[in-house]
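# Tertiary structure, described
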Protein chains: 2
Amino acid sequence: MSKQDVSISRSGGCCTPISVAALDEATASEGAAVFKALSDPIRLRLMSIIASAGAEVCVCDITPHFNVSGPTISHHLRVLREAGLVDCERRGTWVYYWPLPDRQQWISTLLSVPETTALAR
Amino acid sequence: MSKQDVSISRSGGCCTPISVAALDEATASEGAAVFKALSDPIRLRLMSIIASAGAEVCVCDITPHFNVSGPTISHHLRVLREAGLVDCERRGTWVYYWPLPDRQQWISTLLSVPETTALAR
DNA sequence: ATCTTGGTTAGACAGAAGTCAAGATAGACG
DNA sequence: CGTCTATCTTGACTTCTGTCTAACCAAGAT
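Computed from a prediction, not measured in an experiment: that's the story for all the values here.

Our focus in this paragraph is the protein's contact with DNA strand C. Not every one of the 24 residues close to DNA strand C is listed here, only the nearest: C60(A), Y97(A), S69(B), T72(B) and H76(B). Here, DNA strand C places atoms within 4 Å of the protein, and 80% of those atoms are sugar or phosphate. One of the side-chain nitrogen or oxygen atoms of K36(B) is found 3.3 Å away from a phosphate oxygen of DNA strand C. One of the side-chain nitrogen or oxygen atoms of H75(B) is found 3.5 Å away from a phosphate oxygen of DNA strand C. Those elements giving two or more residues to the surface near DNA strand C turn out to be α3 (59-62), α4 (70-82) and β3 (94-99) of chain A together with α2 (41-52) and α4 (70-82) of chain B. Per element, the largest residue contribution to the surface near DNA strand C is four residues, and it comes from α4(B). Of the residues contributing to the surface near DNA strand C, the split by class is ten nonpolar, eight polar and six charged.

Shown next, in the form of structure tokens:
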């Protein structure tokens, strides 16, 4: 098992990609939890809707896009929230969601493939 | 050894991050399947070991790092293979795995946060 | 206060997923 | 050929997950 300690500081990066160094168990568990939150098609679409909106999104604008019941949407939103990918706030009658880009950027960087590694084999 | 279909449907502008435009259902399902493959701590560590090795990795070098049985490792490696994240080949007595960076890079880009979007709120 | 609308929580259930033991398979070596 | 080693597959078991209905809570309107 080759254990390389090459620590690359990528511009805009916030962690070492898995292509560069193997993850320790704790980081793997934490990362897996975030991936699990995105491992459902509905949640991934929810995340993309919220992240691409460029503003807070009302749940009432989200629900019509899906063919599942309201409680199911609510359940998926909670999973995204508990994974640290979004946050929400009730204002008056409505609840608004917005993305938390830090977590999203973290796992994106975790998966990024540096050029040198991408050419391996 | 095994060759699943790893076609990436680049429908509707493939590498557009979810922060920029919402995903269609098909792309969301495809992306969610890849995230699901990485949603287990053992699989994420397997992926990082294979991706960071810089060379093919023998299963016999992987198994000792984990506290689960051989069949379980084999099962997880199969999941990664069917997700298009790794491929393998038997040579003699041993089976070697190597990363397929395309899929990995695809979802990394999918999650990337452009500067302008990252500053939203 | 009561009703209405928007959203979450609780409970239940079917199906999916992770794990292991046992058996199967593939190749190396006599 | 048979045997040994490394790995995968199968089958069973247990736990987890996605979904629903029903009930509940929060805020505004009547």
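With that settled, the discussion passes to the protein's contact with DNA strand D. Around DNA strand D, the structure places 24 residues, and the nearest of them are R43(A), S69(A), T72(A), H76(A) and Y97(B). Across the atoms of DNA strand D situated within 4 Å of the protein, the share located in sugar and phosphate is 84%. At 3.0 Å, a side-chain N or O of R43(A) approaches a phosphate oxygen of DNA strand D. In this structure, H76(A) approaches DNA strand D through a side-chain N or O atom, which is 2.4 Å from a phosphate oxygen. Taken together, the elements giving at least two residues each to the surface near DNA strand D come down to α2 (41-52) and α4 of chain A together with α3 (59-62), α4 and β3 (94-99) of chain B. Here the residues of the surface near DNA strand D sort into eleven nonpolar, eight polar and five charged.

The rules we used
Residues numbered from 1 in each chain as written. Chains lettered and ligands numbered in written order. Predicted model: local features only at pLDDT ≥ 70, side-chain atom pairs only at ≥ 80, totals over all residues. Heavy atoms only, no water. Near = heavy atom within 4 Å. Polar contact = N/O pair within 3.5 Å; in protein donor to acceptor, adjacent residues only side chain to side chain. Helix = DSSP H or I, 4+ residues; strand = E, 2+ residues; numbered from the N terminus. Nonpolar A, V, L, I, M, F, W, Y, C, P; charged D, E, K, R; others polar.

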